Structure formats: C-alpha cells, structure tokens
Amino acid sequence: MRSSTYALPALFALGAAAGLVLALIADGAWEWIACALVAAPVVAFAWLLRRARVEQAANRP
Amino acid sequence: MRQKSLRRWNWVHEWSSLICTPFLLLLCITGLPLIFHHEIHDFTVELVQPASPAPEQPASLDTVVANGLAAAPGQVVQYVSWDEEQPDVVMLTVNSAVNGNPGDASVLRMDAGTGVFLDRPDLQTGVMAFLLQLHTDMFLGLPGKLFLGAMGILFCIAVISGIVVYGPSMRKLSFGDLRLERIRLIRWLDLHNLAGTLLIAWTLVVGFTGAVNTWADLVLQVWRFDQLTEMVGEHRGRPHPETLSSLQQAVTTAEANVSGMEPSVIAFPGTPFSSESHYMVFMKGKTPLTARLVKPVLIDATNSAFTDARQAPWYVSALLLSQPLHFGDYGGLALKILWALLDIGTIVVLITGLYLWVARRARKLARLSPLDKRDAEPVVGSKA
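Enquirer: Is there a simple way to think about the pattern of salt bridges in this case?
Expert: Side-chain pairs of opposite charge can arise whenever the charged atoms involved come near each other. For the structure on display, the rule yields 10 salt bridges over all chains. When the shortest N-O distance is used, the salt bridge between Arg-51 of chain A and Glu-55 of chain A registers 4.0 Å. Of this pair, Arg-51 of chain A and Glu-55 of chain A both sit in helix H2 (residues 29–59), 4 residues apart, which is roughly one turn of the helix. The class for Arg-51 of chain A is partly exposed, based on a relative accessible area of 21%. Overall, Glu-55 of chain A belongs to the partly exposed group, its relative accessible area being 43%. Residues Arg-310 of chain B and Asp-308 of chain B are paired through a salt bridge, measuring 3.1 Å at the closest nitrogen-oxygen approach. What you see here is one network of salt bridges that share partners, running through Glu-84, Glu-262 and Lys-284 of chain B.

Next up, the structure:
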C-alpha cells in the first residue's frame, strides 16, 4: 500500500474529510471518533518523521 | 502523464502557490491565535459573571432590554442575541440609531436569569481585534475580503495541482519516505510532499470555506433583498411604531409557530435585517447540525402577532455551515488544538514550498555558464 502513490494520501484525505463533517453533525462518542479521524494525518506525520530520524541515526557510521 | 501536460500542471502549481503564499502565510499566522479567540478573551478580559445558580424562570426579555437601555442612555437596541458558550448571558447590540453604522455599535452583556446589566466589553480594540481584522480584510473592507477570498481559491488550485504533480515526483519513492541524509533541497522537498499530501482534505476544506466566508457580506445582502424583502411584502412602507410591542411575547409567538427551534438572534424594527414595523426572529435548531442553521420568523412589532416564516435559502445555509468548518470551533477544545496543529502543518508546507522555489531558482542560475549569463543579460541600449 505504501508503494502506491495515491492510496494512503487518498485514505487520509477521505478519513479527515469524513471526520470534519462527522464532527459537525455528531454528538458524544461520535465526536471523539471524528476528532480521531481529523487527527490521523497529524499522527501519521509525526510517526513518519520520527521513523525517518531513527533510520537516519541507525545508518550513520 | 505526458511531459507537456506535466509541465503545464507544474506551471499552475508553481504560480498559483507563489502568488497566494505570502497571503496564506499571513492568514495562517494570524489565524493561529484566532482559533483560541474565546479562550484568550476569557483569560485576558475580566468579565462579570451572571448570578449563580441561575433562577428557574429566566427574566423577561422586556426587562432585559429595559435594563440594557438604562445602562446605555441615549442608545437604542439593534439586535438581541445568544451565545452557545454563554447560555446564561443575553447580548444586546446597541447603537446611536436603529440603522446606525455597524462600526459604532457596542455589545451589552446581560444576565439572562435576573435581567441585570453585567458589562460592556470592548470588542473593537486590542490585539485580538487587530488580528481578526488583519485576517478578515487586511483593514481594506470589502475589497480586502474579496481579495483574500480570491487568494483562498488560488490556494485550492495550488493544492489540487500539487496532487497532480506529486504523482510523477514520487515514482521511485514510497509514501512517507523522508530522505533526511540527502541535501537540504531534497529533505525539504520530501517534507513538503509529505505534509502537503497529509493535509489535502483539511487545507481544501479550510481554504474553500474561508473563501466562502469572504462572500458573507454579499450573501447577506442578497438574502436581505431577496427573501427577507419578500417576507415583509405588503407591510413595506408601514411607519416605525411609536411604542414597540412586547419582545418576550414576540419570541413566544415565534416559538409557537416554529416547533423544535429556539431564538438565536432578534433584529429590531428599522435594522437592515427587518422591516420598519417588524421584529425578525432568527430561530435555530437544537441538534448539532440544525443549531448552525436559521429560520427567519417575521413578527409584527405593533402587537407581537405572527406574520411569516420561511426556510433560509440554500446560499445562506451554505454560508452558515461553512463558518464552523473554517473556524474549527464546533468540536470543543480538542478540535481547536487539532486545528492549531493542522494550521502549523500548513505553515510548514508554505515555507518549504517557498524555499524549494528559491533554491531551485538559485541552482538554475548557478548552472548557467559565465558565457550564458552574459547572453542572458540585456544589452544596454539594444532595441530588443
């Protein structure tokens, strides 16, 4: 899935769009689910950045 | 994708981004504190709190208005409104005349339970008011708003063209690859691509709803001259009543005629959103979605009788729904914090994009040989 150019970006975009709309109409637990969907790209960015840093440190002679 | 087509998309991405980037940076930076506008206001301004516990029966709106006018001698009430975040407070917008300049209006906070005047917060000055105006129209009024709206649309074009050019640039890479060991240009390109692709949905939603919000003045004008004028119909031209009927009775009449809704804003007779002889009560729903939408109810201000009620047109509903999607104030503090993080992410995309353009241009110039450079320079005095 990671090798596909658009699969993961599309998944994150659809999830975030659904989260934004869901937060507008939802109440209670659904509101938290909506927030999680909106937060997913932020978490993914932080995780990928950290992973790249760890790999860079491991490859350093 | 064909080379020619890709070059065109690259050109669209480059120039749409370049033109809107300075303004988008301004909007993202000023927008960051505005996300927490309410929290900052509550923290920095000492507001008088309403009586606690609130009385079981709220004060009559007629008492609230009378107490407000006593606290603001020589002024008249233009609007009565309620704020979801302060349910125990009623706000009165007062001005020197019912059709007075909006810039001269001020807000009185009233205790909804006791009807007592609380305070008159200064909303026109201070750092937050400055940032808000810089963010909405750059102190240029409607032309400034429309210009920023155009920049919002250009930003959306930059995001869409960015999606197209992202594909070919990622041919040899997997999603999320960050080549941190490479030169800065490559590192920042990867960072730009990753942050940009992850923020596609949010940037498109906030960019487009921001552009829609810049048309708010025009949309409201169209609504006034379209539906609201039609509602007044045969009552147009009736003089302003010498004595206004009971406001509380007007709200009770509106609630009786529109079930399952509550008042959100009341426009007094003579204001731009009503007639000379009517209250316009804007009712809102009680569910998370319908609370964002309004239904205008026209009430005769001579006897508080029901005159007309309509469903707001689609363009007003679209505007009202676009507002929370732009401000991010509809999901509590958690969503506001997320909004701030996504805003910072957008700043990263903008700055890395700008750096990539400058660095690539510098490299291109450096690649020109001294002979080429001499050829590229215009010859002084030549006709070419």
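Past the structure itself, the notes keep going.
Enquirer: For this particular structure, what's the right way to read the environment of Val-205 of chain B?
Expert: Structurally, Val-205 of chain B can be placed in helix H7 (residues 200–214). The sequence separation of Val-205 of chain B and His-326 of chain B amounts to 121 residues, and the corresponding C-alpha distance is 7.3 Å. When near neighbours in sequence (up to four residues on either side) are disregarded, Val-205 of chain B contacts Leu-20 of chain A together with Leu-325 of chain B.

Enquirer: Explain the domain arrangement of chain B to me, please; I cannot follow it from the model alone.
Expert: How big an interface is tends to be expressed through the accessible area that disappears when the partners come together. Taken domain by domain, chain B consists of domain 1 (3–39 + 131–214 + 332–369), domain 2 (46–120) and domain 3 (216–327). Of note, the centres of domain 1 of chain B and domain 2 of chain B, computed from C-alpha atoms alone, are 42 Å apart.

Enquirer: Could you clarify how one ought to interpret the layout of surface pockets in this entry?
Expert: Residue and element names in this part refer to chain B. Quantified by volume, the second largest pocket comes out at close to 1,400 Å³. Looking at the second largest pocket, it is lined by 43 residues, and the ones nearest its centre are Asn-10, His-13, Leu-189, Leu-356 and Arg-360. Listed by contribution, the elements that provide at least two residues to the lining of the second largest pocket are helix H1 (3–35), helix H5 (141–169), helix H6 (184–198), H7 and helix H11 (332–367). Broken down by element, the residue count for the lining of the second largest pocket peaks at 11 residues, all from H11. Of the residues assigned to the lining of the second largest pocket, the class counts are 22 nonpolar, 12 polar and 9 charged.

Enquirer: Looking at this structure, I do not really get helix H10 (residues 314–327) of chain B. What am I missing?
Expert: Its 14 residues place the ends of H10 of chain B 20 Å apart at the C-alpha level, agreeing with the 20 Å of an ideal helix rising 1.5 Å per residue. Looking at H10 of chain B, one finds that the buried residues are Tyr-315, Val-316, Ser-317, Leu-319, Leu-320, Ser-322, Pro-324, Leu-325 and His-326 of chain B. Where H10 of chain B is buried, its residues touch helix H1 (7–25) of chain A together with helix H4 (127–136), H7, helix H8 (216–232), strand S7 (294–300) and H11 of chain B. Looking one or two residues past H10 of chain B, Gly-328 of chain B carries a phi angle of roughly 70 degrees, positive in sign.

Enquirer: What is the right way to read the interface of chain B and chain A from this model?
Expert: Each partner contributes to the interface: chain B provides 35 residues, whereas chain A provides 32 residues. Buried surface at the junction of chain B and chain A, both sides included, amounts to about 2,800 Å², of which 78% is carbon and sulfur. Ranking the residues of chain B by area buried against chain A places Phe-175, Leu-180 and Leu-198 of chain B at the top, with a combined share of 24%. Our count for the chain B to chain A interface comes out at 0 salt bridges. Here chain B and chain A share 5 residue pairs in polar contact (both at pLDDT 80 or more) between them. Looking at the side of chain B that touches chain A, the elements with two or more residues in it are H5, H6, H7, H10 and H11 of chain B.

Enquirer: Would you explain empty space enclosed by the protein in this entry?
Expert: Leftover empty space is mapped by rolling, across the atoms, a probe with the size of a water molecule. All names here are of chain B. What the rule picks out here adds up to 1 cavity of 30 Å³ or more. Within this model, the largest cavity holds a volume of roughly 40 Å³. Here the lining of the largest cavity gets 4 residues from one element, more than from any other, and that element is H6. Across the lining of the largest cavity, the residue classes tally to 4 nonpolar, 4 polar and 2 charged.

Enquirer: Which parts of the structure should I look at to understand the confidence of the model for chain B?
Expert: For any part of a model where pLDDT is low, the fine detail of the predicted coordinates should not be relied upon. Residues and elements named next belong to chain B. For chain B, the average pLDDT comes to 90, and 96% of its residues sit at 70 or higher. A low-confidence stretch, residues 374–384 (pLDDT under 50), is modelled with 0 contacts involving residues beyond four sequence positions or located in other chains. Predicted as a complex, the structure gets a pTM of 0.87 and an ipTM equal to 0.93.

Enquirer: Help me understand the pairing of strand S6 (residues 278–284) of chain B, please; the structure alone is not making it clear to me.
Expert: Two faces make up the sheet, and in a regular strand the side chains alternate between them. Residues and elements named next belong to chain B. Of all the 7 residues making up S6, 7 are buried; the element is thus mostly covered by neighbouring parts of the structure. Covered by surrounding structure in S6 are His-278, Met-280, Phe-282 and Lys-284 together with Tyr-279, Val-281 and Met-283, the residues of both alternating faces. Alignment of strand S5 (residues 262–267) against S6, held across 5 bridges, turns out to be antiparallel. Bridged to Ile-266 within S6 is Val-281. Bridge count between S6 and S7: 7 bridges; the pairing is antiparallel. Residue pairing across strands places Phe-282 opposite Pro-296, the latter belonging to S7.

Enquirer: Please explain a positive patch on the surface as it appears in this structure.
Expert: Taken together, Arg-2, Lys-4, Arg-7 and Arg-8 of chain B make up a surface patch of like positive charges. By secondary structure assignment, the location of Arg-8 of chain B is in helix H1.

Enquirer: How should I be thinking about the sheet that holds strand S3 (residues 106–111) of chain B in this particular structure?
Expert: In any sheet, the strands associate via hydrogen bonds between backbone groups, in a parallel or an antiparallel arrangement. Residues and elements named next belong to chain B. Within the open sheet, the 8 strands sit side by side as S4-S3-S2-S1-S5-S6-S7-S8. Their pairing is antiparallel. If you trace the sheet from one side to the other, it starts and ends with strand S4 (117–119) and strand S8 (306–309), each paired once. Here the average twist between neighbouring strands, direction ignored, is 30 degrees. Of the strand pairs in this sheet, strand S2 (residues 86–95) and S3 are connected by 6 bridges, and their pairing is antiparallel. When the sheet's bridge partners are listed, Leu-92 is paired in S3 with Leu-108.

Conventions used here
Residues numbered from 1 in each chain as written. Chains lettered and ligands numbered in written order. Predicted model: local features only at pLDDT ≥ 70, side-chain atom pairs only at ≥ 80, totals over all residues. Heavy atoms only, no water. Salt bridge = Lys/Arg side-chain N within 4 Å of Asp/Glu carboxyl O. Helix = DSSP H or I, 4+ residues; strand = E, 2+ residues; numbered from the N terminus. Buried < 20%, exposed > 50% of the residue type's maximum accessible area, 1.4 Å probe, protein only. Contact = heavy atoms within 4.5 Å. Domains from an automatic or database assignment. 1 Å grid on protein atoms, 1.4 Å probe; cavity = no way out; pocket = protein on both sides within 12 Å on 5 of 7 lines; lining within 4 Å. Points joined across faces, edges and corners; volume = space filled by probe spheres on them. Nonpolar A, V, L, I, M, F, W, Y, C, P; charged D, E, K, R; others polar. Expected span 1.5 Å × (residues − 1). Buried area = accessible area lost by both parts, 1.4 Å probe. Polar contact = N/O pair within 3.5 Å; in protein donor to acceptor, adjacent residues only side chain to side chain. pLDDT = per-residue confidence, 0-100. Pairing = 2+ DSSP bridges. Patch = residues over 30% accessible without salt bridge, like charges linked within 9 Å, V, L, I, M, F, W, Y side chains within 5 Å. Areas by Shrake-Rupley, 256 points an atom, 1.4 Å probe, with all protein chains shown as cover. Lys, Arg positive; Asp, Glu negative; His and termini not counted. Charge placed at Lys NZ, Arg CZ, Asp CG, Glu CD. Axes fitted to C-alpha atoms, helices over the stretch in contact; angles between N-to-C directions.

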